[in-house]
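Architecture and fold: a report
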Amino acid sequence: MFTKKNPPEEERKVRANDREYNEKFQYASNCITTSKYNVLTFLPINLFEQFQEVANTYFLFLLILQLIPQISSLSWFTTIVPLALVLSITAVKDATDDYFRHRSDNQVNNRQSQVLIRGSLQNEKWMNVRVGDIIKLENNQFVAADLLLLSSSEPHGLCYVETAELDGETNMKVRQSVSVTSELGDPNNLAQFNGEVICEPPNNKLDRFRGTLYWRDKKYALTNQNMLLRGCVLRNTEACYGLVIFAGPDTKLMQNSGRTKFKRTSIDRLMNTLVLWIFAFLVCMGVILAVGNAVWEREVGTLFQSYLPWDPPVDGFLFSAVLAFWSYVIILNTVVPISLYVSVEVIRLGHSYFINWDQQMFCSQCNTPAEARTTTLSEELGQIEYIFSDKTGTLTQNIMSFKKCSINGHSYGEVADPLGPQPKKLDFTPFNPLADPNFCFYDDTLLECVKVGDSHAQEFFRLLSLCHTVMSEEKSEGELVYKAQSPDERALVTAARNFGFVFRSRTPGTITTTEMGRTVTYTLLAILDFNNTRKRMSVIVRNPEGRIRLYCKGADTVLLERLRPCKQDLINMTSDHLNEYATDGLRTLALAYRDLSEEQWEMWSESHQCAEKEEDLLSAAYEQIEQDMTLLGATAIEDKLQEGVPETIALLSLANIKMWVLTGDKQETAVNIGYSCKMLTDDMDDVFIISGQSVQRVKQELRRAREQMITQSQTKDADKKEVAEGCGEAYVTRFRRTQKQTQFPPSSKLTDNISGDFALVINGHSLAHALETDVEEEFITTACACKAVICCRVTPLQKAQVVELVKKYKRAVTLAIGDGANDVSMIKSAHIGVGISGQEGIQAVLASDYSFSQFRFLQRLLLVHGRWSYLRMCRFLCYFFYKNFAFTMVHFWFGFFCGFSAQTVYDQFFITLYNIVYTSLPVLAMGIFDQDVSDQRSLEYPKLYEPGQLNLLFNKREFFICITQGFYTSVVLFFVPYAILADASQSSGEPLADYQTFAVTTATALVIVVSVQISLDTGFWTVFNLVFVWGSLGCYFTIMFAVHSQILFRSFSNHFHFVGSAQSTLLQPVVWLTIALATAICIVPVLAFRFLKLDLKPQLSDTVRYTQLVHQKKRRPAGGSVASTWRTSEGRLGARGGSRRSGYAFAHQEGFGELITSGKNMRLSSLALASFASRHSSSWIDTLLRKKHAHTPPNRSGECTPALSHSSSVLGSSQEAPIEEETIRDSEMIPMTSLEASEDLREIANGIDSSSVENHPTKENKKIYENFESGPLGIE
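Residues numbered from 1 in each chain as written. Predicted model: local features only at pLDDT ≥ 70, side-chain atom pairs only at ≥ 80, totals over all residues. Heavy atoms only, no water.

As for the nonpolar core
The criterion, for reference: Here, nonpolar core refers to any group of buried Ala, Val, Leu, Ile, Met, Phe, Trp, Tyr and Cys residues whose side-chain atoms link them within 4.5 Å. For the exposure calls, accessible area comes from a 1.4 Å probe over protein chains only, and a residue counts as buried if that area is under 20% of its type's maximum, exposed if over 50%, partly exposed in between. For the purposes of this entry, the term helix denotes a DSSP run of H or I that reaches at least four residues, the term strand denotes a run of E that reaches at least two, and both are numbered from the N terminus. Residues are treated as being in contact if the distance between any of their heavy atoms lies within 4.5 Å.
In this structure, Val336, Leu340 and Phe910 are the most contacted members of the largest nonpolar core, which totals 98 residues. Among the elements that line this core, the one with the most residues is helix H28 (residues 857-895), at 18 residues. Once residues within four sequence positions are removed from consideration, Leu340 is found in contact with Met271, Phe876, Leu877, Phe880 and Phe881. Membership of the second largest hydrophobic core comes to 53 residues, among which are Val108, Leu190, Phe209 and Leu229.

The structure is reproduced here in structure tokens:
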């Protein structure tokens, strides 16, 4: 019955083309399920979830009591109808949400894939793919499962994939098959393939795969570089074949996706607590009245036994008391009527429609409106404290644009005056027929420099056309398509193309360009590859005239210290331009060149060939040649942000919402975007970089960062105190008074002991340690004290773990926003999940609670809709509890005057209709339409958002205030009419002290009082509010007169006993005077309190509303105050003591240089490759393998500096030879002549440490660029 599955958990065994063998392990199929229910399980599971709500269980219990006739004073249908309505509405909503999940699952599961079955390719649905199948993928197709790449249409088993669904990066990654299977490109050969793979069990590690292929009595190591993961897209590859290793829920994508969680708002959780309290209070009141019943029946009731006997079941006063207890529980249950929950669902539904209908959140470009995909979380939008955002596709468009450049000390680029006319885009076509028509540039002075033959400008673009790893494909004459590993490379090569230096093609040994209309072929002598430690790349080329020149581009912090000492003025001017570009949030690279003599090249070439065997020697060789360069200039590329991102982040920051960016991108790029979108600014007190490689190191760095924050905060506070003491007493008094009137009380949830603007940047390896149990509290304490946090190289699961950590320790309301499948787990974990319908598919949207197409709409979602929803819900709940306590407690007081007989004050029709007709519509109108200030003012004053974060408008204190007011109102409504009517008489002299007169008077006074109260509570009047308030009063009087009419009495004499009571009662002037007096006593204290509070302690919303009324005719446009702040912040440069911050960022990876020079990614004839192989006898993969396992000596500080190989190459983990042959290859010795030639390089290598790689005068910014990895935890 139970099958043990221990072997699959320890290791996985997969045999190709053998379903019978693989099925005995019972591996999961490729069918995925993200839905929660099916047809059979929907009803029981959904009801179980709904009855987890305490209120639903409470009403079910009351329904059972009402079915017992001996204790029920009310009909059972008064409870079952609303309860069924609430359960039905929620069930329909849940079913609709799950239907869309089913539809999404079916869409994915029914995708077609070509599976190799019995020697031929057959179309199969994804759900029918099994572990061990061999499937064929074609260009631009999604990978159906986690595959071992067997062969490809590209040379040497290479293929290119895009991993946006996994890590958010749109850069192409390279994967390679094992060499022994790379030639099995024919289906007939693959059908005979019977290799067996033994590998690790399913896990969520995107950066790791360990396994071994056994075939033909040999074994071959498998790594992550041999795998194609589900969710990737095949790019620039005609076709490839892969062996299914993990399928369906076992794939790494699904392992990282997280589970769909049942989300509830903080108000829902508070309501559960309050319902328990109210039920306990209800029991206490029932006990009091039951005890009263027992005493009354024993002392007084026995005197009436002769003509008022007990009902048959009752045989004594104790049993009577028990029945009275349950009867009062039923009567008094209206303190929390079920109509409350019906009204809450209706209000939330209205709020969600307002979001859907908001034209200001509609994107006309995408034709996409905002969508509330859930109706249960609207008020939580007004309580957000932390936002967790993806970067690529969410904050940025991932479109690189060449914006500015500095050439020979002159800056070129956009010179548009924001207030003046916009410049025209340059037309390059007349000058250059090969220009890219989509390239945008506006400064015509640069184009003129190139046209007139400026040598510096031409050499600048010549460098850009030569120093790169881009591949070019010319589909037709003049129609060039660049295949770049990174968008930065593509942007730079495209810029050179438009300015007349067109990269046309390349071979392993040549680069062909068209320069100013003339075709030029350069001999490519060497590529000094990029990595994250060097932060630069170089090429050495020989032009047709025979001149050898080294071209280099890289980080300014690295390149400027390798220049020739002359031309200091040029270096200073270029540094100023770089500082200006960095302040504008642009990604910068410095460009330089060096002329080499033939002798210099020959000497270096020989030493370079010797150094290829050792990592430290290779680094030293690069260091040796990349010296004494001449500065050409700098480039500035804009990683285009989504529209309005900086303004939105600035506005949310003013609302005291902390922004965390969780990205799979590299650290430099993430930091650059942080500055670009103004999350990080030069005005910040400090930016801390956490890059420790061990648990202890990370803990120390976090503790040190927090200590520095405390020290700087104390110093800053002391300075402020000194300034305040130096001010005039009058100014200080006025300042304190203003601050006291307009600010909200401090709270530990919003303000920490640490004051100041700090930021934290942490990479993926350090974050993995920070999330461990003994470090997580240290991490969250330090991170939450910062204004902004950036986590780089983060896996999808780590994103969810960070969110859960903040929820666990801070108990704050969180929001996660993203646009790709890699963001799904984060979106599901946060209290609110927002999906951007962007470039990375719709997985994030399907998993989200709210969706729209632009990040900038987030400010309106939170500051307008979220704040209004929270305000409306809180006002609704406060009023609802007030009116129901005022209504219900009258029964309690009446119990002391009716012998504790469970007799109701009001008739049954009034009790039934009070919450359904008489008071429901006005409070619904307030809950749906009310607002304290307009949407423009909400955006102008972000501090208005703070009450929701502090939970000020509805909490336990506010609840007790509401019920206290309800108690007071019930006392007035009972005792004032009781005292007046006791001795009052009609004009005819007949007494008014009868039951029905008292009931009509009390009921009428109650309806009028609560109507006046809601009129006072309503802050924004609409036609609906007016109609519903007056309409409810009209309905009350109409129904009351109808119930007491002759017509109903004659038709239903058993149900309508009191004929004409309402008419006769309301004709008496004393009754109306009683109602007026009771209303005044109830309302006047409330008015007096509110006037005093408004005058003595106004809230910020009161001040804003007052200014809105005063200056209504001169209302400023929304966001005006933020815009002025924005202009001020943009105008500041280098605020931290004049220090310069590098804007370097380059989304490139190591390995492409050697990939190009090896020729393995190019289709060459066998003769060409044979002749070329003599120059490159050492395989480029072998070289990168040695880098991967190289050991780096410790640096001066005693710490171990990561080797260059830590920035793992694109194919650095691939292995071409069997495992048995590795020891032979690794034991090869360097020839004796090589040892002699490399002695000088050893001396240079021993002197290299982190300070020589990165020696920037600004120490506080130095850490930002250290210890990078090439992928999230190695993701590539």
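After presenting the structure, the write-up continues.
Notes on the sheet that holds strand E13 (residues 239-246)
Put simply, the test is: Note: two strands are recorded as paired if DSSP finds a minimum of 2 bridges between them.
On the basis of which strands lie adjacent, the open sheet formed by 6 strands has the order E3-E2-E4-E13-E5-E11 and antiparallel pairing. This sheet does not close on itself; its edge strands, each paired only once, are strand E3 (120-125) and strand E11 (227-228). Relative to strand E4 (residues 134-138), strand E2 (residues 112-117) is paired through 2 bridges, and the arrangement is antiparallel. If you follow Val115 over to E4, its bridge partner there is Ile135.

Overview of the side chain of Glu196
What counts is decided by this rule: Think of a polar contact as two N or O atoms within 3.5 Å of one another; within protein, one of them needs to be a possible hydrogen donor and the other a possible acceptor, and neighboring residues in sequence only count if both atoms come from side chains.
Residue placement: Glu196 occurs in strand E8 (residues 196-199). A polar contact of 3.0 Å, which involves the side chain of Glu196, links it to the side chain of Tyr21. Excluding residues that lie within four positions of it along the chain, Glu196 makes contacts with Lys13, Val14, Arg15, Tyr21, Thr212, Leu213 and Tyr214.

Concerning unusual backbone geometry
Of note in this structure, His156 is not a glycine but carries a positive phi near 60°. Exposure remark for His156: the relative accessible area of 33% places this residue in the partly exposed category. Not every positive phi belongs to a glycine, and Ala902 is a case in point at roughly 65°. Judged by its relative accessible area of 10%, Ala902 falls in the buried class.

Concerning the packing of aromatic side chains
Rules: Here is the rule: rings of Phe, Tyr and Trp (six-membered ring for Trp) pair when centre to centre is within 6.5 Å. Planes less than 30 degrees apart are stacked, more than 60 are edge-to-face, and the remainder are tilted. Geometrically, a charge over a ring is one whose NZ (Lys) or CZ (Arg) sits within 6 Å of the ring centre while staying within 35 degrees of the ring normal.
Under the defined criterion, the tally for this structure stands at 64 aromatic pairs. The interplanar angle of 10° and the centroid separation of 5.2 Å between the aromatic rings of Phe887 and Tyr906 together place this pair among those described as stacked. Linking Phe887 in helix H28 with Tyr906 in the loop between H28 and helix H29 (908-918), this pair joins segments that are 19 residues apart in sequence. What makes Tyr906 buried here is its relative accessible area of 1%. When the ring of Phe894 is compared with that of Phe974, the centres are 6.4 Å apart and the planes differ by 65°; the resulting orientation is edge-to-face. Highlighted residues: Phe894 in helix H28 and Phe974 in helix H33 (residues 956-981), separated in sequence by 80 residues. Since its relative accessible area comes to 0%, Phe974 is described here as buried. One aromatic cluster is present, formed by Phe892, Trp893, Phe894, Phe896, Phe897, Phe900, Phe974, Phe975, Tyr978, Tyr995 and Phe998 through successive ring pairs. The cationic tip of Arg111 hangs over the ring face of Trp126; the distance from NZ or CZ to the ring centre is 5.0 Å. Here Lys883 stacks its cationic end above the ring of Phe880, 4.1 Å away from the centre of that ring.

A closer look at the packing of helix H11 (residues 339-357) against helix H30 (residues 920-929)
When two helices pack together, you describe them by how their axes are tilted relative to each other and by the distance separating the axes. Here is the rule we go by: Only C-alpha atoms enter the line fits that serve as axes; for helices the fit covers just the stretch in contact. Angles between N-to-C directions range over 0 to 180 degrees. Each crossing gets its handedness from the near helix: less than a right angle anticlockwise from the far helix is left-handed, clockwise is right-handed. Side-chain classes are defined by residue name, with Ala, Val, Leu, Ile, Met, Phe, Trp, Tyr, Cys and Pro counting as nonpolar, Asp, Glu, Lys and Arg as charged, and the others, Gly among them, as polar.
At their nearest, the axes of H11 and H30 sit 9 Å apart, and the two run at 35° to each other. Helix-helix and strand crossings are classified by hand; for H11 and H30 the assignment is right-handed. Of the residues in H30, those in contact with Ser343, Val346, Ile347, His351 and Phe354 of H11 are Leu924, Gly927, Ile928 and Phe929. Within the contact of H11 with H30, the residues separate by chemical class into 6 nonpolar, 3 polar and no charged.

Observations regarding helix H12 (residues 444-451)
What counts is decided by this rule: It is the directions from the helix axis to the C-beta atoms whose arc is reported.
All of the buried residues along H12 are Leu446, Leu447, Cys449 and Val450. Across the axial projection of H12, the buried residues extend over an arc of 155°, all falling on one side. The inward-facing, buried residues of H12 abut strand E16 (396-407), strand E17 (410-412), helix H13 (455-466) and strand E20 (501-507). One or two positions beyond H12, positive phi appears at Gly453, with a value near 90°.

Some remarks on the sheet that holds strand E28 (residues 686-690)
With mixed pairing, the 9 strands of this open sheet are ordered in space as E14-E33-E32-E31-E15-E27-E30-E29-E28. Bordering the open sheet on either side are strand E14 (371-372) and E28, each of which pairs with just one other strand. Where strand E29 (residues 758-762) and strand E30 (residues 788-791) come together, 4 bridges link them in parallel fashion. Residue pairing across strands places Ala759 opposite Ala788, the latter belonging to E30. On top of the sheet, helix H24 (residues 773-784) reaches strand E15 (384-389), strand E27 (658-662), E29 and E30; it is set at about 125° to E27, its chief contact.

Here's the deal with the pattern of salt bridges
Just so we agree on the cut-off: Note on definitions: salt bridges are taken to be side-chain nitrogens of Lys or Arg within 4 Å of carboxyl oxygens of Asp or Glu.
Overall, the coordinates contain 49 salt bridges when judged by the stated rule. In this structure, the salt-bridge partner of Arg562 is Glu561, at a minimum N-O distance of 2.9 Å. Classification of Glu561 as partly exposed rests on a relative accessible area of 31%. Here the salt bridges share partners, and the residues they tie into one network are Arg534, Arg536, Glu561, Arg562, Glu623 and Glu626.

Here's the deal with helix H16 (residues 568-583)
Note the cut-off: Here the expected span of a helix is defined as 1.5 Å times the quantity of residues minus one.
Between its terminal C-alpha atoms H16 stretches 22 Å, which fits the 22 Å expected from 16 residues at 1.5 Å a residue. All buried positions along H16 are accounted for by Leu570, Ile571, Thr574, Ser575, His577, Leu578, Asn579, Tyr581, Ala582 and Thr583. On its buried face, H16 is in contact with E16, E17, helix H15 (556-559), strand E25 (587-596) and strand E26 (630-641). Backbone geometry just after H16 places Gly585 at a positive phi near 80°.

A short note on the environment of Ser465
Structurally, Ser465 can be placed in helix H13. Residues within four places of Ser465 in sequence aside, it is in contact with Ala496, Phe501, Phe503, Ile511 and Thr513.

Re a nonpolar patch on the surface
Note the threshold: By definition, no residue in a patch forms a salt bridge, and every one has over 30% relative accessible area; like charges are joined within 9 Å, nonpolar side chains (Val, Leu, Ile, Met, Phe, Trp, Tyr) within 5 Å. Surface accessibility in these figures is a Shrake-Rupley result with a 1.4 Å probe; residues are shielded only by whichever protein chains are displayed.
Taken together, the side chains of Ile288, Phe896, Phe897, Val971, Phe975 and Tyr978 make up a nonpolar region of the molecular surface, amounting to roughly 510 Å² of accessible area. The leading source of residues in the nonpolar patch is H33, at 3 residues. By secondary structure assignment, the location of Tyr978 is in helix H33. You can call Tyr978 partly exposed: its relative accessible area is 36%.

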